[in-house]
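Residue-level listing of the chains:
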Amino acid sequence: MPHTLGPWTATTTDPKIRQTAKTYAATLTPLTQAQVSAFQKAIPTARVVVLPNAHHYVYLSNRADVLRELNAFLATL
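An account of the accompanying structure is given in this report. (Residues numbered from 1 in each chain as written. Predicted model: local features only at pLDDT ≥ 70, side-chain atom pairs only at ≥ 80, totals over all residues. Heavy atoms only, no water.)

## Points about the pattern of salt bridges
Evaluated as defined, the whole model comprises three salt bridges. The partner of Glu 69 in a salt bridge is Arg 47, with the nearest N and O atoms 3.1 Å apart. Of this pair, Glu 69 sits in helix H4 (residues 63–75) while Arg 47 sits in the loop between helix H2 (15–42) and helix H3 (58–61), and the two are 22 residues apart along the sequence. Arg 68 is paired through a salt bridge with Asp 65; the nearest N and O atoms lie 2.9 Å apart. Linking Arg 68 with Asp 65, this pair stays in helix H4, spanning three residues, or about one helical turn. Judged by relative accessible area, which is 45%, Arg 68 ranks as partly exposed. Ionic contacts of the salt-bridge type, sharing partners, join the residues Arg 47, Asp 65, Arg 68 and Glu 69 into one network. (Salt bridge = Lys/Arg side-chain N within 4 Å of Asp/Glu carboxyl O. Helix = DSSP H or I, 4+ residues; strand = E, 2+ residues; numbered from the N terminus. Buried < 20%, exposed > 50% of the residue type's maximum accessible area, 1.4 Å probe, protein only.)

See below:
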C-alpha cells in the first residue's frame, strides 16, 4: 500500500483515465488497510508484509521483495 494500478495509468495521456485511477486508488487504500488490520487482529501470530506501490501481480512488480519474503518464510519451516 498504496496500490499502483499498473504502468498504463502512469503513462496514459488521457486526464480522465488518470483522475479515475487516482480516485479508485484513493478509495481502495482504506479498504485494503482495513483488511490488513482485520487479518492481523484475527491472526496475531501471522506476519503481514506490506509492499508500497505493488500492483496486482506483486511477483512481477516487486520480484526481489517477494523472493526475499518467501525465502524468509521457507527458512522457518
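Next comes the rest of the account.
## What about the side chain of Thr 9?
Note that Thr 9 resides in helix H1 (residues 7–11). Judged by relative accessible area, Thr 9 falls into the buried class, the value being 12%. Apart from residues lying up to four places away in sequence, Thr 9 is in contact with Arg 18 and Ala 21. (Contact = heavy atoms within 4.5 Å.)

## Concerning the packing of aromatic side chains
Centre distance and the angle of the planes are the two values used to describe a pair of aromatic rings. In this structure the tally under the stated criterion is one aromatic pair. Between Tyr 57 and Tyr 59, the ring centres sit 6.0 Å apart and the planes meet at 75°, which makes this aromatic pair edge-to-face. For Tyr 57, a relative accessible area of 43% translates into the label partly exposed. (Phe/Tyr/Trp six-rings, centres within 6.5 Å; stacked < 30°, edge-to-face > 60°.)

## Some details on H2
Here H2 contains 28 residues, and its C-alpha end-to-end distance of 41 Å stays within 8% of the 40 Å for a straight helix at 1.5 Å per residue. The complete set of buried residues in H2 reads Ala 21, Ala 25, Thr 29, Thr 32 and Val 36. The N-cap residue of H2 is Asp 14: its side-chain oxygen and the backbone nitrogen of Lys 16 are 2.8 Å apart. (Expected span 1.5 Å × (residues − 1). Polar contact = N/O pair within 3.5 Å; in protein donor to acceptor, adjacent residues only side chain to side chain.)

Purely geometric numbers; function is a separate question.
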